[in-house]
Amino acid sequence: MAQDDYTHFGFEKVRAHEKAAKVAGVFHSVAAKYDLMNDLMSGGVHRLWKMFTIEMAAVRPGQTVLDIAGGTGDLAAKFSRLVGPEGKVVLADINNSMLNVGRDKLLDHGISQNICFAQADAQYLPFPDNTFDCITIAFGLRNVTDKDLALSSMLRVLKPGGRLLILEFSKPQSELLAKAYDTYSFRLLPIMGKLVANDSDSYRYLAESIRMHPDQETLREMMVAAGFSQCSYHNMTGGVVALHKGIKP
Amino acid sequence: MKVDPALLTAIIAAANKAIATALAYDPGTQAALRPLHGKVLLINCTAPELSLFAVIENDGIRLCSYYEPVPNCSLTGSATALLGLLWRDNHSLADSGVMVSGEPSLLSNIQQLLKRLDIDWRQPITDVLGETAAYPLTRILSSQGLWLHERARRLPDWLADLLTEELQLLPSAEELALFYQDVNDLRTDTERLQARLDQLRKTRTINGTSS
């Protein structure tokens, strides 16, 4: 994707090189109340989605895990326990506000032995080839400017046989659910954002960015095109969220 | 029909909490689990579609919906067939709709664990509600639990029948008794034969000396 190409920022059309800055602005704004808003918006269900992701990652002691767009460290904290002292977890996020919140949270919980933090762009991962046994990206891919570039970067840093897990909002599988979801996303979420985080625009972007994200099958095909094999996905909560999984051959 | 992974995750999380709490009140079973550390039982439900792995870890059991290493033993069947195993009076797998594969010895070990299960239910209720409320509640639960307990009590017998009659991997008690009887008879006959040979040898020696 060339710098002068256009892409989407929610429903707004922006130049590709401007998107990252706009997304950064959103996450600088929401970082402090990110966890609270996740619980409020999803009714706590986001914890179940992430628990399922952890299970599907099937991480074992001694392994190396990269959690991209790891933000406030939900997944990284669990991976840290699973890989044990012989393993390693890298919590990466392009946004330093989110990374600071995540680092502080993990340190407050005494998790630091096998975790390191990196401010990194998913499109240009600053790690050697064939480094990680597992890469996860939870609710981050839809914010990436060039998703194909990010998928290629993830493929490069994965070890052969390593797995990529993408947890992301997707397309509800029933029309009734889709209508209810639209009402909830575009009417209620901005109000909740205003009341709790004093920022309705960021949560309007959240709802819009979800609608612009590829659907389940399209994302699976993008993973195949990037070079992943055994690509599959699991719909959760009626397709509101999907977990995609692929293996580096 | 596939179960929503989020819903299944919630059910599994609740079940894991319940199992951990129950085992905390049964140290004997916890100790018995340690030799089985690392063993995995897969319960593959075909309707609704879901897979449940029971992973034995140190002195506990963890349920999960996905596990990468190949399980040691698998049970496959519909939910009604799998649950029906607990309620069936007939302990055979024939016409039960459930298939087993892998290490039957793990089933045998689980059978022993179920026999040993002895959870002090009054203690956790007392911890939460206090002695005054716990006593009548425990009495009610005890009476309701008797029916469930009876079904659970039959499960080891079902497993024993499965291993001896259905899969014929282990001899039954009657077969063993007959075998031991045959061995005793053989030993007696051998001793009798040896005595007869000794007698004949002695007679031959005497006759050889006389002539």
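So, a few notes on the structure that sits alongside this text.

Calculation notes
Residues numbered from 1 in each chain as written. Chains lettered and ligands numbered in written order. Predicted model: local features only at pLDDT ≥ 70, side-chain atom pairs only at ≥ 80, totals over all residues. Heavy atoms only, no water. Contact = heavy atoms within 4.5 Å. Buried area = accessible area lost by both parts, 1.4 Å probe. Salt bridge = Lys/Arg side-chain N within 4 Å of Asp/Glu carboxyl O. Patch = residues over 30% accessible without salt bridge, like charges linked within 9 Å, V, L, I, M, F, W, Y side chains within 5 Å. Areas by Shrake-Rupley, 256 points an atom, 1.4 Å probe, with all protein chains shown as cover. Lys, Arg positive; Asp, Glu negative; His and termini not counted. Charge placed at Lys NZ, Arg CZ, Asp CG, Glu CD. Helix = DSSP H or I, 4+ residues; strand = E, 2+ residues; numbered from the N terminus. Buried < 20%, exposed > 50% of the residue type's maximum accessible area, 1.4 Å probe, protein only. Phe/Tyr/Trp six-rings, centres within 6.5 Å; stacked < 30°, edge-to-face > 60°. Lys NZ or Arg CZ within 6 Å of the ring centre and 35° of its normal. Pairing = 2+ DSSP bridges. Axes fitted to C-alpha atoms, helices over the stretch in contact; angles between N-to-C directions. Parallel < 35°, antiparallel > 145°, perpendicular 65-115°, else oblique. Nonpolar A, V, L, I, M, F, W, Y, C, P; charged D, E, K, R; others polar.

Contact residues are listed per partner, giving 12 residues for chain B and 15 residues for chain A. The largest per-residue losses of area from chain B upon contact with chain A belong to Pro-5, Thr-9 and Tyr-66 of chain B, which jointly make up 43% of the total buried on that side. At the boundary of chain B and chain A, one finds two salt bridges. Between Glu-68 of chain B and Lys-245 of chain A there is a salt bridge, with its nearest N and O atoms 3.8 Å apart.

Take a negative patch on the surface next. All names here are of chain B. On the surface, Asp-157, Asp-161, Glu-165, Glu-166, Glu-174 and Glu-175 cluster together into a negatively charged patch. Secondary-structure elements contributing two or more residues to the negative patch are α6 (131–166) and α7 (173–210). Considering each element in turn, the negative patch owes the most residues, four residues, to α6. Mapped onto the elements of the fold, Asp-161 is located in helix α6. Judged by relative accessible area, which is 32%, Asp-161 ranks as partly exposed.

What follows deals with the packing of aromatic side chains. Residues and elements named next belong to chain A. Considering all chains together, one arrives at six aromatic pairs over all chains under this definition. Consider the rings of Trp-49 and Phe-139, whose centres lie 6.0 Å apart with planes at 55°: the pair is tilted. Within this pair, whereas Trp-49 is found in helix α3 (residues 45–57), its partner Phe-139 is found in the loop between β6 (132–138) and α6 (147–157), the two being separated by 90 residues in sequence. Exposure remark for Trp-49: the relative accessible area of 6% places this residue in the buried category. Relative accessible area serves as the criterion here: at 9%, Phe-139 is assigned to the buried category. Ring geometry for Phe-127 and Phe-132: centres 5.1 Å apart, planes at 90°, overall edge-to-face. Each member of the pair, Phe-127 as well as Phe-132, carries the same accessibility label: buried. It is Arg-211 that lies over the ring of Tyr-181; its NZ or CZ is 4.6 Å from the centre.

Residues and elements named next belong to chain B. Here five strands make up an open sheet; going across it, the order is β3-β2-β1-β4-β5 and the pairing mixed. Each edge of the open sheet is held by one strand with a lone partner, namely β3 (60–64) and β5 (99–102). For this sheet the average axis-to-axis angle between neighbouring strands, irrespective of direction, equals 15°. By the bridge criterion, six bridges tie strand β1 (residues 40–45) to strand β2 (residues 50–57) in an arrangement that is antiparallel. What sits directly across from Asn-44, in β2, is Ser-51.

The next thing to look at is the environment of Thr-21 of chain B. Structurally, the position occupied by Thr-21 of chain B is in helix α1 (residues 5–24). Here the alpha-carbon distance between Thr-21 of chain B and Arg-187 of chain B, two residues 166 residues apart in the chain, equals 54 Å.

Here we take up a nonpolar patch on the surface. All names here are of chain B. A cluster of nonpolar side chains, contributed by Leu-176, Phe-179, Tyr-180 and Val-183, occupies part of the molecular surface with about 370 Å² of accessible area. Along the polypeptide, Tyr-180 turns up in helix α7. Taking relative accessible area as the criterion, Tyr-180 reaches 48% and is therefore assigned partly exposed.

In this section: the packing of α3 of chain A against α1 of chain B. Where α3 of chain A meets α1 of chain B, the axes come as close as 9 Å, and the angle between the chain directions of the two elements is 85°. Taken together, the axis directions place α3 of chain A and α1 of chain B in an arrangement best described as roughly perpendicular. On α1 of chain B, the residues touching Leu-48, Trp-49, Met-51 and Phe-52 of chain A of α3 of chain A are Pro-5, Ala-6, Thr-9, Ala-10 and Ala-13 of chain B. Grouping the constituent residues of the contact of α3 of chain A with α1 of chain B by class yields eight nonpolar, one polar and no charged.

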